[in-house]
Amino acid sequence: MEIQVKPLAADPALAAEDAAVLAPKLDATLDPANWDAFAALAHRAVDDMVAFLAGGRGRSAWRPLPSDVRDAFHETLPMGGTSPELVYADFARLILPYTLGNTHPRFWGWVTGSGAPMGVLADMLAAAMNINAAGWDQAAVSVEEQVLQWWVELLGLPPEAGGVLVSSGSQASLVALAVARTDRAGYDIRAAGVRGARLKFYCSTETHSSIQKAVEVLGHGSDSVCFVPVDREFRIDIRSLTQMVLADRARGYMPICVIANAGTVNTGAIDDLAGIADICRREEMWMHVDGAIGAAVAFSSRLRPLLAGIERADSVTCDMHKWLYLPYDVACTLVRDPSKHRAAFSILPSYLAPTGRGTAPTPLKFAQLGIDLSRSFRALKVWMAMKTYGVEGYSRMIEQNVDQAAYLQARIRHEPLLELLAATPLNVVCFRYRQPSLDEKSLDDLNQEILTRMQEQGIAVPSATRVRGRFAIRVAIVNHRSRGEDFDQFLEAVIRLGAQICQENRAE
Ligand SMILES: *Cc1c(COP(=O)(O)O)cnc(C)c1O
C-alpha cells in the first residue's frame, strides 16, 4: 500500500482532510463487525460444550477417526476466509465427535485427566483476557503466586519455597533438573556448559521416560541416568541406591541428584521418600520428587501419610491436568530454595529490564523461573477450581478414585478368570484375563486383543503396559466422572471379550 504522508495541518479543516485520507485505509480489524452475531455464536458454542460435558455417558468411550474426516484436514491454504458460523460448523462436524474420549466416565487410559467444568470456564476467560503471564504488574501474577503458595502449604514445604506453572510434567521435571544441576555441578555450568562434567542422576527402573528425556535435553546424555532396581512393590531399592552412589563416587563420578517417584506411571508405586531424603542429605545430593500423579494425594488427610518425606524434597513436580482433573495443559515445579530456582534461569536483557514503576516495576517473575518468556494464564483454572472445589472436594474425589482402584483390585482377586499383576497403593490397576491352558505369549496376545476390542467397541478405554514382562491391561483412574457401576460394566466386558476371543481361537 502506498502511504501518503502529509504534514499535520495547523488549519482544523485541513487536519480533518488529512484524517479522511489516512484513517479509512488503516482501520482493518479481526474483531467482528457485528458483536451481537459473535455473541450468538459464542453462546451456542458454550451450550454445545455444556451438552458435550453433561452427555458423555451416553456416547462411546472412543471411536476411531473415519478416513473422510482425516482427509478433510488436507485442504489447501484458506486464502479467502470463511464466516465464523461455517468454521464453527466444521469444528462441530469434524473435530468434536472424534476426541480421545477422556471426558468419558470409562476412560482410564495412560494418565489422562477428565477435565473439570470450572477449568473449562477459566480457560475461556484466560483466553479472552489474553493474559501473557510472564510477569509485569497485573493480577494474573498474584493469582499464580497464590496457587503456588497453596501447593507449598499442601506439601509441607517451607513457606519461602516457590515455583512456576508449566505445560506438562515433562517440562516440570526438565525445569527442576536444570535447577538441580546448576546448583550441584560445582562450577558455573550456565557459563561453561556441560563439557566433561561427570554428573550422575539416580532413579528407579519404574521412573517415567520424561526424566531421561530431561537429562538428555540438558546435555548430560542418557548414560548419566542410573536406573536403580525396585523391590516387590516397585519402589526404589534403597540399599542398591546407596551402593550405586558410593560406587560411582569411588569411580570419579559426581552423584548430584535422586529422582524419587510419588506415584509411578506403571503401578502407582511411591518410593520411600524419607529414606531417599536421608541419602540425599548424607551424600549432598538434590532430591527431586516426580509427583506428576501422586503429589495430588496431599489433598487427602487419609492418604497424605503415603507421601511422608516429600516435605524434605529440594524440588517437586505435579501434573494438575492429571489428578486435579484440570483441562490441558498445566503442571507445576516447586523449588525449596527460590534463589536457586532463579539462579538456573534468570537473564535480564535491556528490553526486559524493570523500571521501578509503571507496568514493569520488577523483573518478570515467571519468565525468570523457567524456559518460557511468554506464557499463558494457566494459573486461573487452578485458582478457580481450587476455590470452587476446595481441599475437601478434591480430597473426596481423589479418595474416591483410590477407593475405586481398591474395589477393582478386590473384584479381580475374587474372579478366577482374572489375575492381578501389581497391587497399587493409589489409582493404577494392572491385571490380565487368565486362561490356564495358555502359555505366556498367548496370554499377552489374548489380553492385547481384549484391550483393543474394548477400545474399538467404545466400552471403555484402559491402556496397556508390561509388568515383570507380562502384558497388562492398565487402568489409571484420574476421572471425576467414573462411578462404581462403570467398573462392574468394564470387568464384565473383559470377561465377555476374553471368553469370546478364546472361543474364536479354538474354532480356527
Ligand atoms: C504423566 C507423567 C509424567 C509426564 O507428564 P506429562 O504432563 O505427560 O508431560 C511424568 N511422570 C509421571 C509419573 C507421569 O505419570
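Shown above is the structure to which this text applies.
Residues numbered from 1 in each chain as written. Predicted model: local features only at pLDDT ≥ 70, side-chain atom pairs only at ≥ 80, totals over all residues. Heavy atoms only, no water.

### Section: the pattern of salt bridges
Following the criterion strictly, the structure yields 27 salt bridges and no others. Among the salt bridges present, the one from arginine 411 reaches aspartate 488, with a minimum N-O distance of 2.8 Å. Here the residue arginine 411 occupies a position in helix α13 (residues 379–413), and aspartate 488 occupies one in helix α15 (residues 484–507), the gap between them amounting to 77 residues. Note on arginine 411: relative accessible area 28%, which makes it partly exposed. Each of Glu419, Arg432, Glu440 and Arg470 takes part in one network of salt bridges that share partners. (Salt bridge = Lys/Arg side-chain N within 4 Å of Asp/Glu carboxyl O. Helix = DSSP H or I, 4+ residues; strand = E, 2+ residues; numbered from the N terminus. Buried < 20%, exposed > 50% of the residue type's maximum accessible area, 1.4 Å probe, protein only.)

### Examining the packing of helix α10 (residues 238–250) against helix α11 (residues 273–283)
Remark: α10 packs on α11, axes separated minimally by 10 Å, with the N-to-C direction vectors making an angle of 15°. Between α10 and α11, the angle is such that the two are roughly parallel. α11 is crossed by α10, and the crossing has right-handed handedness. Where α10 abuts α11, its residues Ile238, Leu241, Thr242, Val245, Leu246 and Arg249 lie against Gly275, Ile276, Ile279, Arg282 and Glu283. Taken together, the residues that form the contact of α10 with α11 break down as 6 nonpolar, 2 polar and 3 charged. (Axes fitted to C-alpha atoms, helices over the stretch in contact; angles between N-to-C directions. Parallel < 35°, antiparallel > 145°, perpendicular 65-115°, else oblique. Left-handed = near helix turned anticlockwise from the far one by under 90°. Contact = heavy atoms within 4.5 Å. Nonpolar A, V, L, I, M, F, W, Y, C, P; charged D, E, K, R; others polar.)

### Description of α15
Helix length check: α15 (24 residues) gives 35 Å between terminal C-alpha atoms against 34 Å at 1.5 Å per residue, within 8%. Listed in full, the buried residues belonging to α15 are Asp486, Phe487, Phe490, Leu491, Ala493, Val494, Leu497, Gly498, Ile501 and Cys502. (Expected span 1.5 Å × (residues − 1).)

### Description of the nonpolar core
Membership of the largest hydrophobic core comes to 99 residues, with the highest contact counts inside it found for Trp151 and Trp323. Discounting residues that sit within four places of it in the chain, tryptophan 151 has contacts with Ala295, Ala296, Phe299, Cys318, Met320, Leu324, Leu334, Val382 and Met386. Ranked by size, the runner-up nonpolar core spans 28 residues in total, among them Ile473, Ile477, Phe490 and Leu491. (Core = buried A, V, L, I, M, F, W, Y, C linked by side-chain atoms within 4.5 Å.)

### What about the sheet that holds strand β5 (residues 254–261)?
With mixed pairing, the 7 strands of this open sheet are ordered in space as β2-β8-β7-β6-β5-β3-β4. This sheet does not close on itself; its edge strands, each paired only once, are β2 (162–166) and β4 (225–228). Recorded for the sheet is a direction-independent mean angle of 20° between the axes of neighbouring strands. The pairing of β2 with strand β8 (residues 331–335) spans 5 bridges and is antiparallel. Counted as the bridge partner of glycine 162 is valine 335 from β8. Packing of helix α7 (residues 169–184) onto the sheet brings it into contact with β2, β3 (199–204), β5, β6 (286–290), β7 (315–319) and β8, and relative to β6 it is tilted by some 175°. (Pairing = 2+ DSSP bridges.)

### What to know about the packing of α13 against α15
The contact between α13 and α15 brings their axes to 10 Å, and the two run at 35°. The handedness of the crossing between α13 and α15 is right-handed. The segment α13 lies against α15, with Gln404, Tyr407, Leu408, Arg411 and Ile412 engaging Gly484, Phe487, Asp488, Phe490, Leu491 and Glu492.

### Comments concerning the state of the cysteines
In the structure shown here, the tally under the stated rule is 0 disulfides. No disulfide involves cysteine 430; its sulfur sits 19 Å from that of cysteine 203, the nearest cysteine. (Disulfide = S-S within 2.5 Å.)

### Here we look at the environment of phenylalanine 471
Relative to the elements of secondary structure, phenylalanine 471 occurs in strand β12 (residues 470–476). Accessibility expressed as a relative area gives 6% for phenylalanine 471, which makes it buried. C-alpha of phenylalanine 471 to C-alpha of glutamate 440: the two residues are 31 residues apart in sequence and 8.9 Å apart in space. Beyond its immediate chain neighbours, meaning those up to four positions away, phenylalanine 471 contacts Leu421, Arg432, Asp444, Asn447, Gln448, Leu451, Ala464, Thr465 and Arg466.

### Considering a nonpolar patch on the surface
Where nonpolar side chains cluster on the molecular surface, the patch consists of Val46, Val50, Leu121, Met124, Leu125 and Met129 and spans about 500 Å² of accessible area. The set of elements that each furnish at least two residues to the nonpolar patch consists of α2 (35–54) and α5 (117–129). With 4 residues, the top contributor of residues to the nonpolar patch is α5. Mapped onto the elements, leucine 125 comes out in helix α5. (Patch = residues over 30% accessible without salt bridge, like charges linked within 9 Å, V, L, I, M, F, W, Y side chains within 5 Å. Areas by Shrake-Rupley, 256 points an atom, 1.4 Å probe, with all protein chains shown as cover.)

### Looking at unusual backbone geometry
Along the chain, tyrosine 328 connects to aspartate 329 via a cis peptide bond; the corresponding omega equals -5°. Relative to the assigned elements, aspartate 329 resides in the loop between β7 and β8. In the Ramachandran plot, tryptophan 110 falls in the positive-phi region, its phi being about 45° despite a non-glycine side chain. Tracing the sequence through the fold places tryptophan 110 in the loop between β1 (107–108) and α5. Of note in this structure, asparagine 130 is not a glycine but carries a positive phi near 50°. A relative accessible area of 63% means that asparagine 130 is categorised as exposed.

### What to know about the site of the ligand
Neighbouring the ligand are 13 residues; Gly169, Ser170, Asp290, Asp319 and Lys322 lie closest to it. In this structure, a nitrogen atom belonging to the ligand sits 2.7 Å away from a side-chain N or O atom of aspartate 290. Here histidine 321 contributes a side-chain N or O atom positioned 2.9 Å from an oxygen atom of the ligand. For the ligand, whose free accessible area comes to 370 Å², the fraction covered by protein is 87%. Residue composition of the shell around the ligand, grouped by class: 3 nonpolar, 7 polar and 3 charged. (Near = heavy atom within 4 Å. Polar contact = N/O pair within 3.5 Å; in protein donor to acceptor, adjacent residues only side chain to side chain.)

### Considerations on α11
Side chains of residues three or four places apart in an α-helix project in the same direction, reflecting 3.6 residues per turn. Every buried residue of α11 is listed here: Leu273, Gly275, Ile276, Ala277, Ile279, Cys280 and Glu283. Residues of α11 that are buried make contact with α10, β5 and β6. Looking at the residues trailing α11, positive phi occurs at glutamate 284, about 55°.

### Some remarks on the sheet that holds strand β11 (residues 461–467)
The strand order β1-β11-β12-β10-β9 describes an open sheet built from 5 strands, whose pairing is mixed. Each edge of the open sheet carries a strand with a single partner, namely β1 and β9 (418–422). Sheet topology note: the β1/β11 ladder contains 2 bridges and is parallel. Pairing of tryptophan 108 across the sheet is with proline 462, part of β11. Contacts from α13 reach β9, β10 (428–433) and β12, with the element oriented near 130° to β9. Those strands touched by α15 are β1, β9, β10, β11 and β12, and its axis lies near 25° from that of β10.

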